[in-house]
Amino acid sequence: MKTKRFVRVAGCVLISALLCSYILFQISKSRTFQFFGGLTYRVATDHKVVALTFDDAPTLKTADVLAILKQKHVVATFYEIGKEIERYPEIAKAVVAAGMEVGNHSYSHQRFLLTSPSFVQSEVQKTNDLIRSTGYKGDITFRPPNGKKLFSLPWYLHQHGIQTIMWDVEPDTYLPTNQTEDEQTTFLVGYTVANVRPGSIILLHPFCDTCGGDRRAIGQIIDDLQSKGYKFVTISQLLASSTQH
Ligand SMILES: [Zn+2]
């Protein structure tokens with residue numbers, strides 16, 4: 001009898017623990033909620049403004065992206081990884097020299113789930129210092145690697161007045177497999193242009209060797225959205241244009 005009761009209680013505890021873990025995992029990857037300080041995935045605005053954001057800079061492909069932006073006379077926000085700034089300091093300086101906004105994407109690009117406060121502090125602070133070492137003077141916002149955050153990261157950012165920036169348009173997530181690069185580019189452009197609204201934040205990953213589809217999509221996304229009346233701004237400019245303060 002006692003054994004049966006023990007099994008029943010243990011089963012309940014296990015199911016509760018699994019359910020709790022599942023809920024926390026879902027919250028950790030939410031684009032629209034975090035426990036402390038809030039986050040921004042889009043701003044409320046009456047103006048047709050949109051922010052292009054690129055994750056995982058700097059890499060050797062950064063110059064290609066800067067060339068497209070220069071040709072189109074458009075600004076964007078580059079979320080940089082600290083250890084990659086150490087690897088490519090000159091490329092990181094070129095991003096600043098081109099007038100782009102720079103954000104913090106952590107030092108080592110690990111998932112911030114059950115991380116200690118000291119780990120969070122080191123990841124954020126070290127990367128902010130590296131960004132400053134490239135000559136960047138503007139505000140530095142933070143984007144969690146893989147969009148993952150739970151307790152310690154939002155708490156640290158909230159305590160230090162650092163804004164968490166997510167996104168509302170991420171075409172890569174929906175990219176069908178087994179497509180040619182041209183088909184991928186067509187999909188990325190079509191999905192992005194169809195889903196952007198005033199105040200949107202677009203996330204692209206154009207810097208890896210196999211991310212040619214994202215790189216080629218940038219120019220067409222800019223052309224198509226500009227023809228619909230959109231103006232491209234940095235994250236700081238987008239936050240400043242919000243009608244909800
Ligand atoms: Zn990333």
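Everything that follows concerns the structure shown earlier in this document.
Residues numbered from 1 in each chain as written. Predicted model: local features only at pLDDT ≥ 70, side-chain atom pairs only at ≥ 80, totals over all residues. Heavy atoms only, no water.

## Some details on a positive patch on the surface
Counted only if it meets this: What makes a patch is a set of residues exposed beyond 30% relative accessible area and free of salt bridges, joined within 9 Å when like-charged and within 5 Å when nonpolar (Val, Leu, Ile, Met, Phe, Trp, Tyr). Here the Shrake-Rupley method, with its probe set to 1.4 Å, supplies the accessible areas, and only the displayed protein chains count as covering residues. Any Lys or Arg side-chain nitrogen located within 4 Å of an Asp or Glu carboxyl oxygen qualifies as a salt bridge. His is not counted, nor are the chain ends, whereas Lys and Arg count as positive and Asp and Glu as negative. To locate a charge, take atom NZ for lysine, CZ for arginine, CG for aspartate or CD for glutamate. For helices the rule is a DSSP run of H or I covering at least 4 residues; for strands it is a run of E covering at least 2, with both sets numbered from the N terminus onward. Exposed residues in this analysis have more than 50% of their type's maximum accessible area, buried residues have under 20%, and partly exposed residues fall in between, with area computed by a 1.4 Å probe over protein chains only.
A contiguous patch of positive charge on the surface is contributed by Lys2, Lys4, Arg5 and Arg8. Inspection of the secondary structure assignment puts arginine 5 in helix α1 (residues 2–28). Note on arginine 5: relative accessible area 61%, which makes it exposed.

## Observations concerning the coordination of the zinc ion
For clarity, the threshold we go by: Excluding water, the donors of a metal are its N, O and S neighbours within 2.8 Å, or within 3.2 Å for Na, K and Ca, and that exclusion means sites may look incomplete.
Taken together, Asp56 (OD), His105 (NE2) and His109 (NE2) make up the protein donors of the zinc ion, found 2.1 Å from the metal. Sequence spacing among the residues donating to the zinc ion works out to D-x48-H-x3-H. Classification of histidine 105 by relative accessible area gives buried; the value is 1%.

## Some remarks on the packing of aromatic side chains
Rules: Ring geometry is summarised as follows: Phe, Tyr and Trp rings, the Trp one being its six-membered ring, pair when their centres sit within 6.5 Å, and such pairs are stacked at plane angles under 30 degrees, edge-to-face over 60 and tilted between the two.
Taken as a whole and judged by the stated rule, the model has five aromatic pairs. Between the aromatic rings of tyrosine 174 and tyrosine 191, the centroid separation amounts to 5.0 Å while the plane-to-plane angle is 25°, which identifies the pairing as stacked. Of the two residues, tyrosine 174 is situated in the loop between α6 (152–159) and α7 (181–195) and tyrosine 191 in helix α7; the sequence distance between them amounts to 17 residues. Under the relative-accessibility criterion, tyrosine 174 is labelled partly exposed at 48%. Put simply, the rings of Phe54, Phe78 and Phe207 pair up and form one aromatic cluster.

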